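# Architecture at a glance
What follows is the residue order along each chain.
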Amino acid sequence: MNLTIIFCLVPFFVRSFLSNHGANAFAPPTFAIAKPCTVSTVLHAAPAKNVHILPTEDDVTSAVHKIVESAAQEAISSRGHFALAIPGGSVLKVLSSLNPSSDWASKTTLAFVNHKCVPIDDVKSAIEAQARTKFLDRWGLTDIISLGGTSDGAKEAADYEAKMKAIPETKLPRDGDGFPIFDLALVGVGDDGHIGSLYPNRDEIDVTNGPWTVAAFMKDPPSISLTLPVMQRARKTVISAAGKSEKYHKGKAAAMRLAIADEGVTPKDFPASALREYAVWILDEPNGSEMEEIERSTIEKAAGAA
């Protein structure tokens, strides 16, 4: 797991001793059933633990495919269901070439890490419409947590959280603090360090005290986003960056260095840094080119690390 869990096995033998003091004072103690309780949400940029720089964009795609397949099979084997969260952007391209090796898609609940508050059938703007077109319909994945399709950011965020909370824990487990635990969260990072729709130097990154979702008004129309605690608590959180363009000859190399290795940034001014110690970071050579100190990796190591 990406999140450290402390199992609070609290013995009740002291209470038993006090309440039964006398003839039964030495009766065998009883114990409470274990209930996981989680550590606090991290709001500082801790050292990255799991960074894999691979030779090519195709290598990154292959590693992500293996992680998705492995996470799905592991979750279904464990409890019969797979909870997956995805963003938009380049991750959709990565997933578009994935052909599931089994029927795990039929046992998957899909949520969005972030989504614009637009009609869900708007192929130009709606991540759901794009994902359906590119791969979801082909996969046969139908259990999708959809937005309502309005431009009301606050209402959409509240309704989306309510929809997630209505899902039983057998499909979407919770931790001791009541946050959902996705089996796998694929998270995108923008050039400015935003994750989901948590943008730099805005209040949304500070929402850590309970809400699962938040409305983000950085752009018009607004969007919704999973909050930082939800991203940090996924069993496996994966951030990938691959490819380049005429505008960005090194892809997102500068952003990846800031997110992973720069000691001067904070989650407030570069939100991606809040996922350093939680995420498996998988980059191709152009996107990892500003971190020469990091040992290069392989598809197998990257896929096995998640």
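Data block above holds the structure.
The following paragraphs examine the structure supplied in this document. (Residues numbered from 1 in each chain as written. Predicted model: local features only at pLDDT ≥ 70, side-chain atom pairs only at ≥ 80, totals over all residues. Heavy atoms only, no water.)

## Things to note about the sheet that holds strand E5 (residues 108–112)
Strand order in this open sheet of six strands is E3-E11-E10-E7-E4-E5, and the pairing throughout is parallel. Strand pairing shows two members of the sheet lacking a second neighbour, strand E3 (51–54) and E5, which therefore form its edges. With direction set aside, neighbouring strand axes in the sheet form an average angle of 20°. With four bridges joining them, E3 and strand E11 (residues 279–284) adopt parallel strand pairing. Within the sheet, the bridge partner assigned to valine 51 lies in E11 and is tryptophan 281. (Pairing = 2+ DSSP bridges. Helix = DSSP H or I, 4+ residues; strand = E, 2+ residues; numbered from the N terminus. Axes fitted to C-alpha atoms, helices over the stretch in contact; angles between N-to-C directions.)

## Looking at the packing of aromatic side chains
Where two aromatic rings form a pair, the distance of their centres and the angle of their planes describe that pair. In this structure the tally under the stated criterion is three aromatic pairs. Between tryptophan 104 and tryptophan 139, the ring centres sit 5.4 Å apart and the planes meet at 65°, which makes this aromatic pair edge-to-face. Pair noted here: tryptophan 104 is in the loop between helix H3 (90–96) and E5 and tryptophan 139 is in helix H4 (residues 127–139), with a separation of 35 residues, a long-range link. Of the two residues, tryptophan 104 and tryptophan 139, neither departs from the other in class, the shared state being buried. Following the ring pairs from residue to residue traces out a cluster consisting of Phe82, Trp104, Phe135 and Trp139. Directly above the ring of tryptophan 212 sits lysine 165, whose terminal nitrogen or CZ lies 5.3 Å from the centroid. (Phe/Tyr/Trp six-rings, centres within 6.5 Å; stacked < 30°, edge-to-face > 60°. Buried < 20%, exposed > 50% of the residue type's maximum accessible area, 1.4 Å probe, protein only. Lys NZ or Arg CZ within 6 Å of the ring centre and 35° of its normal.)

## Describing the environment of methionine 256
Tracing the backbone shows methionine 256 in helix H7 (residues 253–260). On the basis of relative accessible area, methionine 256 is assigned to the buried category, the value being 1%. As for methionine 256 and glycine 288, which are separated by 32 residues in sequence, their C-alpha atoms are 7.0 Å apart. When neighbours within four sequence positions are excluded, methionine 256 is seen to be in contact with Val189, Ala241, Ala261, Trp281, Leu283, Asn287 and Met291. (Contact = heavy atoms within 4.5 Å.)

None of this, on its own, says anything about what the molecule does.
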